[in-house]
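Observations on chain architecture
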Amino acid sequence: MPRPSWNVKPTDQVPLVLESDRNGTVTRRLESARWSLVAPFTKQLVSKYPTFNARSETAAEKATFAASVRSKRAIIPIYM
């Protein structure tokens, strides 16, 4: 089980729950992922412009975030 953290920094590994639907069978799984967002048009994992501070009010309108807002979802578990 991942350890609790009160300060998740960009590029830290965090646990998340992903869901897949294959031929009508829905599967959820716990995975580790890098806390950040890589734009679909980016060719490298590292960018000179940070992309981890999307504003919920405008994320769907920005080219960097729009596709992810429409189709990429995950649950980020928290520990209290």
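Data block above holds the structure.
First, a word on what this report is: a plain description of the structure on this page. (Residues numbered from 1 in each chain as written. Predicted model: local features only at pLDDT ≥ 70, side-chain atom pairs only at ≥ 80, totals over all residues. Heavy atoms only, no water.)

When helices and strands are tallied, the protein chain shows one helix and two strands. By its C-alpha atoms, the protein chain is 35 × 35 × 25 Å across when sized along the principal axes. The buried share of the protein chain, reckoned over its 80 residues, is 12%. In the protein chain, 38% of the contacts between residues at least 6 apart in sequence involve partners at least 24 apart. Counting only carbon and sulfur atoms, one obtains 54% of the accessible surface of the protein chain, whose full area is about 7,100 Å². Placing the 13 positive and 6 negative side-chain charges of the protein chain at their respective mean positions leaves the two points 7 Å apart. (Helix = DSSP H or I, 4+ residues; strand = E, 2+ residues; numbered from the N terminus. Buried < 20%, exposed > 50% of the residue type's maximum accessible area, 1.4 Å probe, protein only. Contact = heavy atoms within 4.5 Å. Areas by Shrake-Rupley, 256 points an atom, 1.4 Å probe, with all protein chains shown as cover. Lys, Arg positive; Asp, Glu negative; His and termini not counted. Charge placed at Lys NZ, Arg CZ, Asp CG, Glu CD.)

Here we come to unusual backbone geometry. Its identity is not glycine, yet Thr11 carries a phi of approximately 80°, on the positive side. Summarising the element assignment, Thr11 is placed in the segment before β1 (13-22). Judged by relative accessible area, Thr11 falls into the partly exposed class, the value being 45%. The backbone phi angle of Asn23 is positive, close to 55°, even though this residue is not glycine. Mapped onto the elements of the fold, Asn23 is located in the loop between β1 and β2 (25-34). For Asn23, a relative accessible area of 85% corresponds to the exposed category.

We now examine the pattern of salt bridges. In total, this model carries three salt bridges according to the counting rule given. Across the salt bridge formed by Lys9 and Asp12, the nearest N and O atoms sit 3.7 Å from each other. Look at Lys9 and you get partly exposed, because its relative accessible area is 44%. Looking at Asp12, the relative accessible area reads 24%, which means it is partly exposed. Here Glu19 and Arg28 are joined by a salt bridge, their closest N and O atoms 2.8 Å apart. (Salt bridge = Lys/Arg side-chain N within 4 Å of Asp/Glu carboxyl O.)

Before going further, it helps to spend a moment on a nonpolar patch on the surface. A contiguous nonpolar surface patch, about 330 Å² in accessible area, is contributed by Val8, Trp35, Phe52 and Ile76. Turning to its location among the elements, Phe52 is positioned in the loop between β2 and α1 (66-71). Assessed through its relative accessible area of 34%, Phe52 is described here as partly exposed. (Patch = residues over 30% accessible without salt bridge, like charges linked within 9 Å, V, L, I, M, F, W, Y side chains within 5 Å.)

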